[in-house]
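# Analysis of the macromolecular model
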Amino acid sequence: MISAKEYDKDRFDRSKRIEWIDMDGIRNARCFVAGAGALGNEVMKCLVLSGFRDITVTDTDHVVLSNLNRCVFFKDGDVENGMKSDILAERASELDRDVRITARHDKVQDIGDWNEFDVILGCLDNISARLHVNAHAYYRDIPYIDGGTDGMMGKVQVVLPNGPCLRCAMNRTHYDVLVTRFSCTGKASAFYIPKNAAEITTTSTVAAMQVREAMKIASGCEGMCIRDMAYYNGISGETTILNIKKDNMCENHMGE
Amino acid sequence: MGIHVSVRNATLGATLKMDIAPNETVYDIIESAAEFWKKDPKAYVLRKGKSLLTATDTMMEANIMNGDVLELLPDPEGG
Ligand SMILES: [Zn+2]
């Protein structure tokens, strides 16, 4: 029998070899994952494997069959048989028993304890919920890392205190979509799922980028974060970094 | 005298030539391009090089000049 070398006895030995990574910072960061769908699954996987230990996830939905092509923690038996956030928390905890994952069933509009979080990862599927999280995060100076996918296209926008926010990058086409969604559902559901094209490779890429930004923030390296949006084209394989100007008309910056 | 720009559709790869008045806004370009390609009711943004343009900016504020090539991008909404 051979014994493992010392460096193989530390789960995070290989992570610690990356100079800027602060494992204590990552371990202590309180993460909020908004949405337990496809992005939420991939984000959770990367958070736990990266060493984050305090994670809260919320989603109002049950697992449905069409989730199974891109949600690593959901199985056939989960379909119509459990809340996404509960299953995600339970299965992701199996990756590392030291992680504490709290599952909630709240709409983001019903979250009241924003100050309990150090970093927010948006894994949402609609503009209304994004704008809500964006406003709360910006108001409280909590870094917000928003992910989005559309078929083979994806984006990650990092909203840091005093920087441009999600709303700064939006225009009337976003509000037209928001109104359409509202009239389709008859209510401003936080987790209404439009039937967008979605597949795992784009989701996985975007989620990994989101978690890498969370690692930078938790490691005290905000200066290394994406400024301000990474736009991923899965067909060409290109990722373009786009700068966003703070919009004077954006209501989140009034009085600054 | 308008400003001549090309707008590339990131999804289709097609390009549209447009003549924009200096007092028109970035949103006017987004709206016209989306209408031209009869896009689904989706959210779109417009970029010039490494800058995502602010929708309320005029051509001058956005520093859009004759010959610029802009790109219309769908803003991914799914999660
Ligand atoms: Zn803003």
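These numbers were taken from a predicted model, which means no experiment stands behind them.

With that out of the way, let us pick up the overall build of chain B. For chain B, the helix and strand inventory stands at one helix and five strands. Taken against the 2.2 N^0.38 rule, which gives 12 Å for 79 residues, the C-alpha radius of gyration of chain B at 12 Å falls within 12% of a compact globule. Accessible area for chain B stands at about 3,800 Å²; split by element, carbon and sulfur atoms hold 55% of it. Charged side chains of chain B number 8 positive and 12 negative; the gap between the two group centres comes to 10 Å.

Protein-derived coordination of the zinc ion comes from Cys165(A) (SG), Cys168(A) (SG), Cys250(A) (SG) and His253(A) (NE2), at a distance range of 2.2 to 2.4 Å. Geometry at the zinc ion is irregular, judged from the four donor atoms that bind it and their angles of 84 to 128° at the metal.

Residues and elements named next belong to chain A. At a minimum axis distance of 8 Å, the contact between helix α3 (residues 38-50) and helix α7 (residues 200-218) shows a crossing angle of 45°. One way to sum up the angle between α3 and α7 is to call them oblique. Where α3 crosses over α7, the two elements pack in a sense that is right-handed. Between α3 and α7, the residues in contact are Ala38, Leu39, Glu42, Val43, Lys45, Cys46, Leu47 and Ser50 and Ile200, Thr203, Ser204, Val206, Ala207, Ala208, Gln210, Val211 and Met215, respectively.

Bringing the side chain of Gln210(A) into the picture now. As for its position among the elements, Gln210(A) is in helix α7. Polar side-chain contacts of Gln210(A) include one of 2.9 Å to the backbone oxygen of Gly122(A).

This brings us to the pattern of salt bridges. Residue and element names in this part refer to chain A. Scanning all chains against the criterion turns up 28 salt bridges over all chains. Two residues, Lys155 and Asp146, come together in a salt bridge whose shortest N-O distance is 3.7 Å. Salt bridges sharing common partners tie together Asp8, Asp13, Arg14 and Arg17.

Attention now goes to the pairing of strand β5 (residues 69-74) of chain B. Residue and element names in this part refer to chain B. When you tally the buried positions in β5, you get five out of six residues, the bulk of the element. Inspection of the sheet shows strand β1 (residues 3-9) paired to β5 by four bridges, in the parallel sense. Directly across from Arg8, in β5, lies its bridge partner Glu71.

Further remarks concern the interface of chain B and chain A. Listed as interface residues are 27 residues of chain B and, on the opposing side, 38 residues of chain A. Of the roughly 2,600 Å² buried at the junction of chain B and chain A (both faces included), carbon and sulfur atoms supply 52%. The shortest N-O distance in the salt bridge between Lys155(A) and Asp75(B) comes to 2.9 Å. The tally of links from chain B across to chain A stands at 15 residue pairs in polar contact (both at pLDDT 80 or more). Those elements giving two or more residues to the side of chain B that touches chain A turn out to be α1 (26-36), β3 (44-48), β4 (51-52) and β5 of chain B. Of the strand pairs in this sheet, strand β8 (residues 238-244) of chain A and β4(B) are connected by two bridges, and their pairing is parallel. Considered in β4(B), the bridge of Asn243(A) is made with Ser51(B).

Looking at chain A as a whole, its pLDDT mean stands at 93, while 94% of the residues score no less than 70. Taken together, the stretch residues 188-193 of chain A has pLDDT below 50 and engages in 29 contacts with residues farther than four places along the chain or on a different chain.

A regular strand places its side chains so that they alternate between the two faces of the sheet. All names here are of chain B. Side-chain alternation along strand β2 (residues 15-20) places Leu16, Met18 and Ile20 on a buried face and Thr15, Lys17 and Asp19 on a face that remains uncovered. Judged from the six bridges that link them, β1 and β2 form a sheet pairing that is antiparallel. By the bridge assignment for β2, Ser6 is matched with Lys17. Here β1 hands over to β2 after five residues, with Gly13 in that stretch at a positive phi of 80°.

The next thing to look at is the environment of Val72(A). All names here are of chain A. When you line up the elements, Val72 lands in the loop between β2 (54-58) and α4 (84-93). Overall, Val72 belongs to the partly exposed group, its relative accessible area being 49%. Residues Val72 and Ala89 lie 17 residues apart in sequence; the distance between their C-alpha atoms is 12 Å. Discounting residues that sit within four places of it in the chain, Val72 has contacts with Asn41 and Glu42.

Conventions used here
Residues numbered from 1 in each chain as written. Chains lettered and ligands numbered in written order. Predicted model: local features only at pLDDT ≥ 70, side-chain atom pairs only at ≥ 80, totals over all residues. Heavy atoms only, no water. Helix = DSSP H or I, 4+ residues; strand = E, 2+ residues; numbered from the N terminus. Rg over C-alpha atoms; globule rule 2.2 N^0.38 Å. Areas by Shrake-Rupley, 256 points an atom, 1.4 Å probe, with all protein chains shown as cover. Lys, Arg positive; Asp, Glu negative; His and termini not counted. Charge placed at Lys NZ, Arg CZ, Asp CG, Glu CD. Donors = N, O, S within 2.8 Å, 3.2 Å for Na, K, Ca; no water. Tetrahedral: all angles 85-135°; square planar, octahedral: opposite > 155°, others 65-115°. Axes fitted to C-alpha atoms, helices over the stretch in contact; angles between N-to-C directions. Parallel < 35°, antiparallel > 145°, perpendicular 65-115°, else oblique. Left-handed = near helix turned anticlockwise from the far one by under 90°. Contact = heavy atoms within 4.5 Å. Polar contact = N/O pair within 3.5 Å; in protein donor to acceptor, adjacent residues only side chain to side chain. Salt bridge = Lys/Arg side-chain N within 4 Å of Asp/Glu carboxyl O. Buried < 20%, exposed > 50% of the residue type's maximum accessible area, 1.4 Å probe, protein only. Pairing = 2+ DSSP bridges. Buried area = accessible area lost by both parts, 1.4 Å probe. pLDDT = per-residue confidence, 0-100.

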